[in-house]
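This is what each chain is made of:
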Amino acid sequence: MTALDRPIYLDYASTTPVHPAVLEAMEPYLRQEFGNPSNLYALGRRAADAIERARAQVATALGCHADEITFTSGGSESDNLALKGAVLAAGRRHVVTTTIEHSAVLGAAHDLREHWGVEVTYVPVDEHGIVDAEAVVAAIQPDTLLVSVMLANNEIGTIQPVAEIARAARERRVLAHTDAVQAAGILDLDVERLGVDLLSLSAHKCYAPKGTGVLYVRRGTPLVPLIHGGSQEERRRAGTQNVAGIVACGAALELVERHRPATVARLTALRDRLIAGIEAAIPSALLNGDRHRRVAGNVNVCLKDVQAETVLIELDRERIYASSGSACHAGAQDPSHVLLAIGRSPELAHTALRLTLGAPTTELEITQVLERLPSAVDRVRERAPVGR
Ligand SMILES: Cc1ncc(COP(=O)(O)O)c(C=O)c1O
């Protein structure tokens, strides 16, 4: 089959293009408004004002106070700051998380265990990729400081019962953190309704550039900084702020929140059409993650008898861009820890294809993918079947 005239990008969970309105909002801060926000002359003050406007935009999206927003370098830093910053600030030595967290949370938890003597409990998920809120609560011990459960999984898109967990944690005076990186523009991020004390976001997952993140820290939550230096970000995170990135982050969150209901309705319909089309055309396909309790736009299927990496190369030739799991796993030989956690075998996990839709995805693109994916899988199967 000949390559498409226009490429089809189906990897929005990995990263997103910058929205033109977001680019327009940030551009002055890359050009004439280049001041250092810590400087007291007008150029610096305008940069500082821009940061505060962005902070207010993010606070509105999260339903919190502006002083509860800390800007970071991305989702990974926010997760690390939440876990390590909170644990190192407190005396308690136990953390509860799940087996399907992003590697930023798992890595921070591992570091706490290896280097700080903190005990970590990993609560498993069921075969649908959802953690049982009661099991998380049951893992809380007298010495537990924090529970960290992601709002939506980055590989299989499953939505976790964060509000239920946070409510129970709070009753037990335990902090609740959620990695909401994959939920921006898709799920409700209101921190009161979620009941969380800490929440991580990443700008590049919602139509702003890479390199900016957000950590919501509820007033009164003890937190030590991981990066020391100047007094920026209320001493929570030293370093001259990425003004343009922060402006973009504020504009992007405001934008995706405004369009959220329409985006979710449209992407849910496209997602379900894509799943149904794949299941009809590729009978061996096995959906990973709960069919309904998953974010709009996430499709993840095991193809069973073909390596996902080989299918991706075939799709790439036709200019269809997708993923075999989380981007952080690309190139890695280890099977996805998320797929193993839902009970897939390592062999099956290697056949998983992740297609994630975003606001720019069109009906026509889904039609074209459904026309091309089955034959791409067939070609790979004929050439390089698994287990032969
Ligand atoms: C759930 C989740 N958490 C954290 C991150 C890390 O975010 P960043 O790329 O901004 O460091 C990602 C990125 O893939 C993610 O999907």
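From a predicted model like this one, the values you see are computed outputs, not experimental measurements.

J.: What is the right way to look at the packing of helix 10 (residues 308-317) against helix 13 (residues 363-383) in this model?
T.: For any two helices packed against each other, the geometry comes down to the angle between their axes and how far apart the axes lie. Contact geometry for helix 10 and helix 13: axes closest at 9 Å, N-to-C directions at 130°. Between helix 10 and helix 13, the angle falls in the class oblique. In this structure, helix 10 crosses over helix 13, and the sense of that crossing is right-handed. Counting all contacts with helix 10, which are made through Thr 310, Val 311, Glu 314, Leu 315 and Arg 317, the residues of helix 13 involved are Leu 373, Ala 376, Val 377, Arg 379, Val 380 and Arg 383. Among the residues making up the contact of helix 10 with helix 13, the classes are represented as six nonpolar, one polar and four charged.

J.: Would you explain the sheet that holds strand 10 (residues 298-302) in this entry?
T.: Across the sheet, three strands lie side by side as 9-10-12; this open sheet has antiparallel pairing. The open sheet has two edge strands with one neighbour each: strand 9 (286-287) and strand 12 (352-356).

J.: I keep staring at the site of the ligand and nothing clicks. Help me out?
T.: Residues in contact with the ligand amount to 13 residues; listed here are only the nearest, Ser 76, Asp 179, Gln 182, Ser 202 and Lys 205. With respect to the ligand, the backbone of Gly 75 contributes an N or O atom lying 2.8 Å from an oxygen atom. Taking Ser 76, its side chain carries an N or O atom lying 2.7 Å from an oxygen atom of the ligand. Notes on the ligand: free accessible area 390 Å², of which the protein chains cover 86%.

J.: I keep staring at the sheet that holds strand 7 (residues 198-202) and nothing clicks. Help me out?
T.: Taken in spatial order, the seven strands make up an open sheet running 2-8-7-6-5-3-4, and their pairing is mixed. Of all the strands in the sheet, just strand 2 (69-72) and strand 4 (119-123) have a single pairing partner and so form its edges. Mean inter-strand twist for the sheet, computed between neighbouring axes without regard to direction, equals 20°. Bridge count for strand 2 against strand 8 (residues 213-217) is four bridges, and the pairing is antiparallel.

J.: Would you explain the pattern of salt bridges in this entry?
T.: Close approach of charged atoms allows side chains of opposite charge to pair. Throughout the structure, instances matching the rule amount to 25 salt bridges. The closest approach of N and O atoms between Arg 260 and Glu 257, which form a salt bridge, is 3.0 Å. For Arg 260, a relative accessible area of 18% gives the class buried. A salt bridge links Glu 314 to Arg 317; the nearest nitrogen and oxygen atoms lie 3.0 Å apart. Remark: Arg 317 and Glu 314 occur in helix 10; sequence separation between them is three residues, near one turn of the helix. Residue class for Glu 314 comes out buried when judged on its relative accessible area of 6%. Connected via shared salt-bridge partners are Glu 314, Arg 317, Glu 318, Arg 372, Arg 379 and Arg 383.

J.: Looking at this structure, I do not really get unusual backbone geometry. What am I missing?
T.: The backbone of Arg 173 shows a phi angle near 60°, a positive value even though the residue is not glycine. In this model, Arg 319 sits at a positive phi of 70°, which is unusual for a non-glycine residue. Among the secondary structure elements, Arg 319 is positioned in the loop between helix 10 and strand 11 (320-321).

J.: What is the right way to read the packing of helix 2 (residues 42-62) against helix 8 (residues 243-258) from this model?
T.: The contact between helix 2 and helix 8 brings their axes to 8 Å, and the two run at 30°. Taken as axis vectors, helix 2 and helix 8 run roughly parallel relative to one another. The two elements helix 2 and helix 8 cross, and the hand of that crossing is left-handed. Here helix 2 contributes Ala 47, Ala 50, Ile 51, Ala 54, Gln 57, Val 58 and Ala 61 to the contact with helix 8, which in turn contributes Val 243, Ile 246, Val 247, Gly 250, Ala 251, Leu 253, Glu 254 and Glu 257. Counted by class, the contact of helix 2 with helix 8 contains eleven nonpolar, two polar and two charged residues.

J.: Help me understand a negative patch on the surface, please; the structure alone is not making it clear to me.
T.: A surface patch of negative charge is lined by Asp 126, Glu 127, Asp 132, Glu 134 and Glu 164. Within the secondary structure, Asp 126 sits in the loop between strand 4 and helix 5 (133-138). Note on Asp 126: relative accessible area 32%, which makes it partly exposed.

J.: Mind showing me how you'd approach the domain arrangement of the chain here?
T.: Accessible area lost during the coming together of the parts is what is often quoted as the interface size. If you check the domain split of the chain, you get domain 1 (8-17 + 260-383) and domain 2 (20-258). The straight-line distance from the C-alpha centre of domain 1 to that of domain 2 is 27 Å. Tallying the contact residues gives 33 residues for domain 1 and 35 residues for domain 2. Contact between domain 1 and domain 2 buries roughly 2600 Å² in total, counting both sides, with carbon and sulfur atoms accounting for 52%. On the domain 1 side of the contact with domain 2, Arg 260, Arg 293 and Val 295 bury the most area, a combined 27% of that side's loss. Applying the counting rule to domain 1 against domain 2 returns one salt bridge. The interface formed by domain 1 and domain 2 contains 19 residue pairs in polar contact (both at pLDDT 80 or more). When residues of the side of domain 1 that touches domain 2 are traced back to their parent elements, those giving at least two are helix 9 (260-281), strand 10 and helix 11 (337-341). Of the residues belonging to the side of domain 1 that touches domain 2, the class tally is 15 nonpolar, 13 polar and five charged.

Conventions used here
- Residues numbered from 1 in each chain as written.
- Predicted model: local features only at pLDDT ≥ 70, side-chain atom pairs only at ≥ 80, totals over all residues.
- Heavy atoms only, no water.
- Axes fitted to C-alpha atoms, helices over the stretch in contact; angles between N-to-C directions.
- Helix = DSSP H or I, 4+ residues; strand = E, 2+ residues; numbered from the N terminus.
- Parallel < 35°, antiparallel > 145°, perpendicular 65-115°, else oblique.
- Left-handed = near helix turned anticlockwise from the far one by under 90°.
- Contact = heavy atoms within 4.5 Å.
- Nonpolar A, V, L, I, M, F, W, Y, C, P; charged D, E, K, R; others polar.
- Pairing = 2+ DSSP bridges.
- Near = heavy atom within 4 Å.
- Polar contact = N/O pair within 3.5 Å; in protein donor to acceptor, adjacent residues only side chain to side chain.
- Areas by Shrake-Rupley, 256 points an atom, 1.4 Å probe, with all protein chains shown as cover.
- Salt bridge = Lys/Arg side-chain N within 4 Å of Asp/Glu carboxyl O.
- Buried < 20%, exposed > 50% of the residue type's maximum accessible area, 1.4 Å probe, protein only.
- Patch = residues over 30% accessible without salt bridge, like charges linked within 9 Å, V, L, I, M, F, W, Y side chains within 5 Å.
- Lys, Arg positive; Asp, Glu negative; His and termini not counted.
- Charge placed at Lys NZ, Arg CZ, Asp CG, Glu CD.
- Domains from an automatic or database assignment.
- Buried area = accessible area lost by both parts, 1.4 Å probe.

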